[in-house]
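# Topology and contacts: notes
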Amino acid sequence: WFDRIVTSSDENSYDYAVMDCPEVLAWPGIYDFSLSDQTEIGTQVAFFGFPLEHDNLSIHSGFVSSLYKKRSTLILQLDASVNAGNSGGPLIDLETKKVIGIVTRKATGLSEKFNALRGVLGSNIIALEQQNRKFRILGLNPFEAFAASQYQLMELAGEIERQSNVGIGYAFSATHLMDTGLF
């Protein structure tokens, strides 16, 4: 599939890839995803994706709640349920049926707290793994048992963060794609 990429973002940037798939365009009744750089706060939008690693394509809707510039790119803040698996998908203006952006990410407001929690758990694990491995109580090493519980908490924190959703997402304006000169 990498040979089909027409344009894409930097890996640490806007999280998108536009691919050339002529066999999809040959399907009867496929939607014409034309781009528009026209949007405003209050625009009702929809976007597609495979949220939370589900196998089924789903559609979500919401509104553009804010517009602002980040570097040279217009960012659209969404009042919509964006999840991991929606990023990279088209943001469609429901009135005009045109693509006005590309969904990039969600925001939970908890990212710093989850990072802090992972940091504490990681420190606990390192400290526990440095303890004397020969210490046993009734055949059980309490340091190893506690370290195992910290690994489980680390995994649980990652899953809770992945699924947390406060209904805020972001997209970048289709203007960014239009400026590439490919469309």
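Source: prediction; values computed, not measured.

Reading guide: rules and limits
Residues numbered from 1 in each chain as written. Predicted model: local features only at pLDDT ≥ 70, side-chain atom pairs only at ≥ 80, totals over all residues. Heavy atoms only, no water. Pairing = 2+ DSSP bridges. Helix = DSSP H or I, 4+ residues; strand = E, 2+ residues; numbered from the N terminus. Core = buried A, V, L, I, M, F, W, Y, C linked by side-chain atoms within 4.5 Å. Buried < 20%, exposed > 50% of the residue type's maximum accessible area, 1.4 Å probe, protein only. Contact = heavy atoms within 4.5 Å. Lys, Arg positive; Asp, Glu negative; His and termini not counted. Salt bridge = Lys/Arg side-chain N within 4 Å of Asp/Glu carboxyl O. Polar contact = N/O pair within 3.5 Å; in protein donor to acceptor, adjacent residues only side chain to side chain. pLDDT = per-residue confidence, 0-100.

To continue, consider the pairing of strand E4 (residues 58–70). Where strand E3 (residues 44–49) lies against E4, six bridges are found, and the strand directions are antiparallel. Bridge pairing links Val 45 to Gly 62 in E4. In this structure, E4 lies alongside strand E5 (residues 73–80), joined through eight bridges in antiparallel fashion. In the sheet register, Val 64 faces E5, and the bridge partner there is Leu 78. Linking two consecutive strands that pair antiparallel, namely E4 and E5, is a turn of two residues; a positive phi of about 55° is found at Arg 71 within it.

This brings us to the nonpolar core. Counting eleven residues, the largest nonpolar core consists of Val 45, Phe 47, Val 64, Leu 76, Leu 78, Ala 80, Val 82, Leu 91, Ile 100, Val 103 and Ala 171. Those elements giving two or more residues to this core turn out to be E3, E5 and strand E7 (99–107). Among the elements that make up this core, the one with the highest residue count is E5 (three residues). Not counting residues within four places of it along the chain, the set of residues in contact with Ala 171 comprises Leu 74, Ile 75, Leu 76, Leu 78, Leu 91, Ile 102, Val 103 and Thr 104. One finds Val 18, Ile 75, Ile 102 and Phe 172 within the second-largest nonpolar core, a separate group that totals six residues.

Let us look at the side chain of Asp 93. You can see Asp 93 is positioned in strand E6 (residues 90–93). Lacking a salt bridge, the buried Asp 93 has Lys 97 as its closest oppositely charged neighbour, with an N-O distance of 7.1 Å. A polar atom in the side chain of Asp 93 sits 2.8 Å from the backbone nitrogen of Glu 95. Residues contacting Asp 93, with those up to four places away along its chain left out, are Gln 38, Thr 43, Gln 44, Lys 98 and Ile 100.

Once that is clear, we can look at the confidence of the model for the protein chain. Residues of the protein chain with pLDDT of at least 70 account for 76%, and the chain-wide mean is 78. Per-element confidence in the protein chain ranges from a low mean pLDDT of 68 for helix H1 (residues 22–25) to a high of 89 for E6.

Residues other than glycine seldom take positive phi values, yet Lys 97 does so here, at roughly 65°. Along the polypeptide, Lys 97 turns up in the loop between E6 and E7. Given a relative accessible area of 42%, Lys 97 falls into the partly exposed group. A positive phi angle, near 50°, is found at Leu 138, a position not held by glycine. Among the structural elements, Leu 138 can be located in the loop between helix H2 (111–129) and helix H3 (142–163).

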